[in-house]
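# Coordinate analysis (summary)
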Amino acid sequence: QVSVLYFARSAELAGLRRESLQVPRRVTALQLWEEIVKVHPRLAVIRDQVVFAVRQEYVLLGDQFLVLEPGDEVAIIPPISGG
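Cut-off values and rules
- Residue positions within a chain follow its written sequence, with the count starting from 1.
- The model is predicted, so local features are restricted to residues of pLDDT at least 70 and side-chain atom pairs to those at 80 or more, both for listing and for counting; the totals for chains, interfaces and linings are taken over all residues.
- To obtain the side-chain values, all non-hydrogen atoms of the structure were used and water was disregarded.
- Each helix is a run of DSSP H or I of at least 4 residues and each strand a run of E of at least 2, with the numbering of both proceeding from the N terminus.
- It only takes one pair of heavy atoms within 4.5 Å for two residues to be counted as in contact.
- Contacts described as polar in this section are N or O atom pairs within 3.5 Å, which, within protein, must combine one atom able to donate a hydrogen with one able to accept it, while residues neighboring in sequence count only if both atoms come from side chains.
- Burial classes follow relative accessibility: with a 1.4 Å probe on protein chains only, a residue under 20% of its type's maximum area counts as buried, one over 50% as exposed, and anything between as partly exposed.
- The pairing criterion for strands is at least two bridges between them, as found by DSSP.
- Buried Ala, Val, Leu, Ile, Met, Phe, Trp, Tyr and Cys residues form a nonpolar core when they are joined through side-chain atoms within 4.5 Å.

Named according to an unreviewed UniProt entry, the protein chain is MOC2A synthase originating from Geococcyx californianus.

Time to look at the environment of Leu61. Locating Leu61 in the fold gives a position in the loop between strand 5 (57-60) and strand 6 (65-67). Residues Leu61 and Trp33, 28 residues apart in the sequence, show an inter-C-alpha distance of 7.4 Å. The residues touching Leu61, leaving out its near neighbours within four places in the chain, are Ala29, Trp33, Arg47, Val50 and Phe52.

Glancing now at the side chain of His40. Assignment of secondary structure puts His40 in the loop between helix 2 (29-39) and strand 4 (51-54). Among the polar contacts made by the side chain of His40, one reaches the side chain of Glu19 at a distance of 2.5 Å.

To continue, consider the pairing of strand 2 (residues 18-21). Residues of strand 2 alternate between two faces, with Glu19 and Leu21 buried on one and Arg18 and Ser20 left unburied on the opposite face. In terms of strand pairing, strand 1 (residues 2-6) meets strand 2 through four bridges, oriented antiparallel. Along strand 2, the bridge assignment pairs Leu5 with Arg18.

Next up on the list: the nonpolar core. Side chains of nonpolar character tend, in soluble globular proteins, to be buried together. Of all hydrophobic cores here, the largest spans 25 residues; its most connected members are Tyr6, Leu32, Trp33, Ile36, Leu43, Phe52 and Leu68. Those elements that place two or more of their residues in this core are strand 1, helix 1 (8-14), helix 2, strand 4 and strand 7 (73-77). Per-element tally for this core: the top contributor is helix 2, with five residues. Discounting chain neighbours no more than four positions away, the residues touching Phe52 are Ala29, Leu32, Trp33, Ile36, Glu57, Tyr58, Val59, Leu61, Val74, Ala75 and Ile76.

A few words now on the environment of Leu13. Within the fold, Leu13 resides in helix 1. Once the C-alpha coordinates of Leu13 and Phe52 are considered, the two residues, 39 residues apart in sequence, prove to be 16 Å apart. Residues within four places of Leu13 in sequence aside, it is in contact with Arg42, Leu43, Val45 and Ile46.

On to unusual backbone geometry, then. Unusually for a residue other than glycine, Ala8 sits at a positive phi of about 50°. When its relative accessible area of 32% is taken as the criterion, Ala8 is described as partly exposed. Positive phi, close to 65°, is recorded for Gln56, a residue that is not glycine. Within the element layout of this structure, Gln56 appears in the loop between strand 4 and strand 5.

Right, dumping it as structure tokens:
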């Protein structure tokens, strides 16, 4: 179980800022995104713009393997406009 933090547009689409989700312990970043989109299908529209931060380190959606520990934080960070 990991804590998923939603920021900016991802929070609007998911309808919340934080939740705990049960996800596989060994998973690629892309598979993790797909697991989250199963719970919040509206997030699919930002797929090509989103970046994860896992344990406060940026991870692009792709084939890199993540090993998640219970209680890890996964932040979903869409592009943020502004100056």
